[in-house]
Amino acid sequence: MKLSYKIYILFAVASLFTVLSVFGVTYYLTRTILVSGQYAAYARLAEISAKRIDYFLSEKLSSAKVLATRPIVYEALGGASSARLSQIRENLQESEAADQHIYGIYIIDRNKNVVVSTDKNPTAGKVPDLSVQEEILRKIFSGETAYSDLFISENTGQPAMIFAAPVFDGRKNVLGAAEVYITWSEVLNILKDINVTFVHLINSKGLEIGSNIPEHYGNILKEDYSNKPAYQKFFADIQERTAQVSIEKDLHTNSEVVSARTHLFGSYDYKGNGWMLVLEEPVDAVLGPINRSVANISVYTLLARLLFLSALLWLLKKYLLNPVTAYSDISRRIVAGEKDLRIPESRKDELGMLAREFNSMVDKLQKSNEDLEIKVAEKTRQLQDEVLEKELKNKILEDAKKSTLNLLEDISLERAKADALVNELNKFQLTVDNSYEHIIFTDPQGIVIYANKAAEKITGYSRGEMIGQKPSLWGNQMSRKFYKEMWNTIKAERRTFIGEMKNKRKNGQFYMAESNIFPIIGKDGEIKFFVGIERDVTEERKLDEARVNFIAIASHQLRTPITSIKWIAELLLSGDLGILNKEQADLVGDLSVSARRMIQLVNSLLNIARIESEDLNVNSEAVNLRKVYDSIVREFEVSAKSKKLKFTFINETGMSDFKSDYNLFYEILKNLLSNSIKYTLEGGSIETRLSVKGDSIICAVKDTGIGIPKNQQDQIFSKLFRADNAVKVSTDGTGLGMYIIKNLADLLGGKVWFESEENKGTTVYVSLPLSGPLAHEGSRGIIDVR
Amino acid sequence: MVNKILLVEDDQVLAKLYQAKLKREGFEIDMAYDGQEGLDKMKSFKPDLVILDMIMPKVDGLAFLSRVNDDPETAKRAAPILILSNLGQESDIKKAMDLGAKDFFIKADISLSEMVEKVKQYLK
């Protein structure tokens, strides 16, 4: 950052801080001064108003004292005639009229009788307002002046005060009292003149005795403030000689007011009545204008300061920063090549010093530079000599170069071969790109690094979307175990994994893929990448399923008409519809047998459909070997007897039960025995032997039958295959027995094999795991083929 | 009193054979060729026993069973229902038995006289 900017920012921050703090202080001080000035003004107003009232009242006390010294008063008390008294009365009436505030003059003797008064209807001799007079006369008769508090006059019903002075004889004996009654109007006028919103004059008992509001005149001596907290507070601090000002609750409305209070202390002989004067002005009326002017003053001073600071900043730039900028400009130009340029050295201050130092440094630098140039020129000459020498040597090298060129020609031939190889690689890539099968390459972490067009088509994701992602983008639909096994095969065992998996296209559609995944191992023995080749076999699987379903449905439908044939034969043979002759009975019997065989065939086909649909129930339960064997042999009792076959059952396992699926094992053993019975000629024997080998149980059925021709033994487990000799011996076979045995054994986790020699006999072995089959919940069971 | 048997079977040939055999055994027989007709006759004919096929037009065997259960009139009579069908999957058999069928036979695996035995057994 430029120095100038740094200074500006520093300056601005410092200035802003001072300006703001000065602003705050100014605001606070100005406001305090203005408020205290205003408060002082209210205090003065209260004091002056109080004084005015006190002066007025002390004046009236003086009037009473003057009256007491008048000879006519003395005369009246000295026992004047009634004619003289009426003259004196007239005289007094004149005095009364001279003072507008006096409305009654009474001269009272020591017997508390009125001797003379200005009263228009004098109640002869009786003192008015006796309750007030009591205290006044007591003081008068002891030789003191006296005055009343404000009271309501009995005669006028208006507020009034009495001022009285003792009348002395020549020997300073009190002859009586001279009293003046004054009206209250002057005091109210004084209060009205005070230029504040509310004025209250309150007597020592807390009763209102005056206000500036004429509507309140009716409250005189009626409105009681003694219970108001504000009043009580006022009286607590009123002992102060000066007026008190503070913000208080209004005596009437409880709103906030600026209140100025003072005691009325009296004047001269009038010592006051313990009254208090309260001036009240609403807070807003007092402080509102102050706040406004304080705000104005503060803003103006703030602006003035900002203006001042800007000026200061401008001066700083002109006298300090501009020269520095100029210096740096000059030094830049010197560096750029204006060698003779120098900074003016005219300044006397530190900047001037800097300029002189700088200039002398530039001088020194330029000198050493010139020295260097001389040295360089010298060195250059030396080098030129050396170059000439080198050119000679180069000519010698030229020959060597020619022979090298020949070598390079050979190299270019090699390169052509490499190009051809790249071409081959390109062809290879084209092939992979356009292969019908989905091909992807991943790095050892399983991140896709290549995908071909077929992968795009099958998964629905573009190559851009696949590369950088894991194949779980479209896979991840199989069990965790499946993928664990897959990774184990390709990563730990480094073998090719072959499996069928369910994947999900970008559009959410599922598909079945036959996958080949294998690792590519580098020369260092590390896995370089994995190659995944997949084929979408969804359609093929759908076809398989459709075929299986077709067989199932067709077989069901077939059973119904065959049932009809069977039942018709049954009805005919029962004789219910008339007795058949022997030939008819034989034929209908054949019909019945044929129908039964057809049903057997259909049931076998159904079983195959169920096995192939992989939807068979597999239970793991205790299977009683002997019980299974006995119930099968009972089923074949008739045919076995007719062929005089000998049956043996040998159990070498030492167990009565073993773990397997009852129905499936039943079907296996039944097919084994059925085959043996079918293909063993009269008088032969069939032996069933059970034994344990390792962790398997082996069930071997050995017969002395026709055997299986050697050249057809490898086809014996094929569906619908029947050996040549078998076809000759029995037409009653389906070619499904061995196929079913093999598939059921697979389902139970077992194996089937056989030993056979034509015309000697066959032994078929079925081994099943002792641990039992893996249970599987399917929707179908095996049909017992009868 | 003669026992009344309702045959609900859409295959005409099989129906005729059932009828022939059962009439000979002395039962009173009525026929219904689809599930809906069967449900109607449950009320009008008031059978003592029903032989029911599974795959039929309009109302199939399973729907027939649940409608019989839902209708208070037929549910109250509680005539035993025997299923005779060529549908032999365990799941179908279980469903039918859950819906109140008394027994389930595969037509192809049973003879007419075996069928009559079963009928007599359930009418006892």
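The structure under discussion appears in the preceding block.
Residues numbered from 1 in each chain as written. Chains lettered and ligands numbered in written order. Predicted model: local features only at pLDDT ≥ 70, side-chain atom pairs only at ≥ 80, totals over all residues. Heavy atoms only, no water.

Colleague: Any details on the sheet that holds strand β10 (residues 256–263) of chain A? Residues and values, ideally.
Modeller: Residue and element names in this part refer to chain A. Taken in spatial order, the five strands of this open sheet run β8-β7-β11-β10-β9, and their pairing is antiparallel. Two strands lie at the open edges of the sheet, namely β8 (208–211) and β9 (244–249), each paired on one side alone. The mean angle between the axes of side-by-side strands here comes to 25°, regardless of whether they run parallel or antiparallel. Sheet contacts for helix α5 (residues 185–193): β7 (198–202), β8 and β11 (276–282); angle to β8, the most-contacted strand, approximately 55°. The strands that helix α7 (residues 283–336) touches are β9, β10 and β11; relative to β11, the one it contacts most, it runs at about 55°. (Pairing = 2+ DSSP bridges. Helix = DSSP H or I, 4+ residues; strand = E, 2+ residues; numbered from the N terminus. Axes fitted to C-alpha atoms, helices over the stretch in contact; angles between N-to-C directions. Contact = heavy atoms within 4.5 Å.)

Colleague: So what's going on with helix α3 (residues 82–98) of chain A? Residues and values would help.
Modeller: Residues and elements named next belong to chain A. Taking 1.5 Å per residue, 17 residues should reach 24 Å; α3 reaches 24 Å between its end C-alpha atoms and fits that length. Regarding α3, the residues found buried are L85, I88, L92 and E96. With its buried residues spanning 90° around the axis, α3 presents them on a single face. Residues of α3 that are exposed and angled more than 90 degrees away from the buried face: A83, E90, E94, A97 and A98. (Expected span 1.5 Å × (residues − 1). Buried < 20%, exposed > 50% of the residue type's maximum accessible area, 1.4 Å probe, protein only. Arc of directions from axis to C-beta.)

Colleague: Lay out the pattern of salt bridges with the relevant residues and their values.
Modeller: All names here are of chain A. Taken as a whole and judged by the stated rule, the model has 37 salt bridges over all chains. Between R505 and D536 there is a salt bridge, with the nearest N and O atoms lying 3.2 Å from each other. In this pair, R505 sits in the loop between β14 (497–504) and β15 (510–521) while D536 sits in strand β16 (residues 527–536), placing the two residues 31 residues apart along the sequence. By relative accessible area, which is 27% here, D536 ends up partly exposed. (Salt bridge = Lys/Arg side-chain N within 4 Å of Asp/Glu carboxyl O.)

Colleague: Break down the interface of chain B and chain A for me, with residues and values.
Modeller: It is common to give the size of an interface as the accessible area lost on bringing the parts into contact. Of the residues lining the interface, 23 residues belong to chain B; the matching set on chain A comes to 20 residues. Between chain B and chain A lies a buried interface of about 2000 Å² when both sides are counted; carbon and sulfur atoms form 53% of it. Of all residues in chain B, N86, Q89 and A108 of chain B give up the largest surface area on contact with chain A, accounting jointly for 26% of the area buried on that side. Taken together, the links from chain B to chain A amount to zero salt bridges. In this structure, the connection of chain B to chain A is made through seven residue pairs in polar contact (both at pLDDT 80 or more). Among the secondary structure elements, those contributing two or more residues to the side of chain B that touches chain A are α1 (12–24), α5 (90–98) and α6 (112–123) of chain B. Per-element accounting of the side of chain B that touches chain A gives the leading share, seven residues, to α1 of chain B. (Buried area = accessible area lost by both parts, 1.4 Å probe. Polar contact = N/O pair within 3.5 Å; in protein donor to acceptor, adjacent residues only side chain to side chain.)

Colleague: Tell me about the sheet that holds strand β3 (residues 49–52) of chain B, and please be specific about residues and values.
Modeller: All names here are of chain B. Taken in spatial order, the five strands line up as β2-β1-β3-β4-β5 in an open sheet, and their pairing is parallel. Single-partner strands in this sheet number two, and they are β2 (28–32) and β5 (103–106). The mean angle between the axes of side-by-side strands here comes to 20°, regardless of whether they run parallel or antiparallel. Bridging between strand β1 (residues 4–8) and β2 involves five bridges; their strand directions are parallel. What sits directly across from L7, in β2, is M31.

Colleague: Please provide a residue-by-residue account of a nonpolar patch on the surface, values included.
Modeller: All names here are of chain A. A cluster of nonpolar side chains, contributed by F308, L312, W314, L315 and Y319, occupies part of the molecular surface with about 560 Å² of accessible area. Position of L312 relative to the elements: it lies in helix α7. Among the residues examined, L312 registers a relative accessible area of 34% and is labelled partly exposed. (Patch = residues over 30% accessible without salt bridge, like charges linked within 9 Å, V, L, I, M, F, W, Y side chains within 5 Å. Areas by Shrake-Rupley, 256 points an atom, 1.4 Å probe, with all protein chains shown as cover.)

Colleague: I'd love a proper account of the pairing of strand β23 (residues 761–769) of chain A, names of residues and values included.
Modeller: Residues and elements named next belong to chain A. By the criterion of burial, β23 is predominantly enclosed, with nine of the nine residues buried. The side-chain alternation of β23 yields two buried faces, one formed by G761, T763, Y765, S767 and P769 and the other by T762, V764, V766 and L768. Relative to β23, strand β21 (residues 696–703) is paired through eight bridges, and the arrangement is antiparallel. Following the sheet pairing, S696 is matched in β23 by P769. Bridging between strand β22 (residues 751–757) and β23 involves seven bridges; their strand directions are antiparallel. Across the sheet, K751 pairs through a bridge with S767, a residue of β23. Counting the residues between successive antiparallel strands, the hairpin from β22 to β23 contains three residues, one of them, N759, with a positive phi of roughly 65°.

Colleague: An account of the side chain of S515 of chain A is requested, with residue identities and associated values reported.
Modeller: Residues and elements named next belong to chain A. Residue placement: S515 occurs in strand β15. Taking relative accessible area as the criterion, S515 reaches 0% and is therefore assigned buried. Contacts of S515, omitting those with residues within four sequence positions, involve F497, I498, G499, M501, I533 and E534.

Colleague: For the nonpolar core, give the residues involved together with the corresponding values.
Modeller: The nonpolar side chains of a soluble globular protein tend to be buried, and buried together. Residue and element names in this part refer to chain A. Within the largest apolar cluster, 57 residues are counted, with the highest numbers of intra-cluster contacts made by L57, F163, W184, L201 and W275. Sequence-distant contacts of F163, defined by excluding residues within four places in its chain, comprise L57, K60, L61, A64, A146, Y147, A178, E179, V180, I182 and Y270. If you look at the next biggest cluster of nonpolar residues, it comprises 47 residues, including L645, I668, I741 and L748. (Core = buried A, V, L, I, M, F, W, Y, C linked by side-chain atoms within 4.5 Å.)

Colleague: How would you summarise the packing of aromatic side chains if you had to cite specific residues and measurements?
Modeller: Using the criterion set out here, one finds 18 aromatic pairs over all chains in the structure. Judged by centre distance (6.3 Å) and plane angle (75°), the ring pair of F151 of chain A and Y181 of chain A falls under edge-to-face. Of the two residues, F151 of chain A sits in strand β4 (residues 151–152) while Y181 of chain A sits in strand β6 (residues 174–183), which places them 30 residues apart along the sequence. For F151 of chain A, a relative accessible area of 9% translates into the label buried. An aromatic cluster of at least three residues, connected via ring pairs, comprises Y103, Y106, F151 and Y181 of chain A. Directly above the ring of F168 of chain A sits K172 of chain A, whose terminal nitrogen or CZ lies 5.4 Å from the centroid. Stacked on the ring of F45 of chain B, the Lys or Arg K4 of chain B has its end atom at 5.1 Å from the ring centre. (Phe/Tyr/Trp six-rings, centres within 6.5 Å; stacked < 30°, edge-to-face > 60°. Lys NZ or Arg CZ within 6 Å of the ring centre and 35° of its normal.)

Colleague: Go over the packing of helix α14 (residues 625–635) of chain A against helix α16 (residues 662–679) of chain A with me, naming the residues and quoting the values.
Modeller: Residues and elements named next belong to chain A. Where α14 contacts α16, the two axes come as close as 10 Å, and the packing angle between them is 50°. Taken together, the axes of α14 and α16 lie oblique to each other. The crossing of α14 and α16 is right-handed. In this structure, α14 contributes L625, V628, Y629, S631, I632 and E635 to the contact, and α16 contributes Y662, F665, Y666, L669, K670 and L673. (Parallel < 35°, antiparallel > 145°, perpendicular 65-115°, else oblique. Left-handed = near helix turned anticlockwise from the far one by under 90°.)

Colleague: Can you explain unusual backbone geometry? Please cite residues and give values.
Modeller: Residue and element names in this part refer to chain A. A positive phi angle, close to 50°, is found at Y268, a residue other than glycine. Looking at where Y268 falls in the secondary structure, it is placed in the loop between β10 and β11. Even without being a glycine, N759 presents a positive backbone phi close to 65°. Judged by relative accessible area, N759 falls into the exposed class, the value being 65%.

Colleague: Any chance you could break down α14 of chain A for me, citing the residues and the numbers?
Modeller: Buried within α14 of chain A we find L625, V628, Y629, S631 and I632 of chain A. The N-cap of α14 of chain A, judged by a side-chain oxygen 3.2 Å from the amide nitrogen of R626 of chain A a few residues on, is N624 of chain A.

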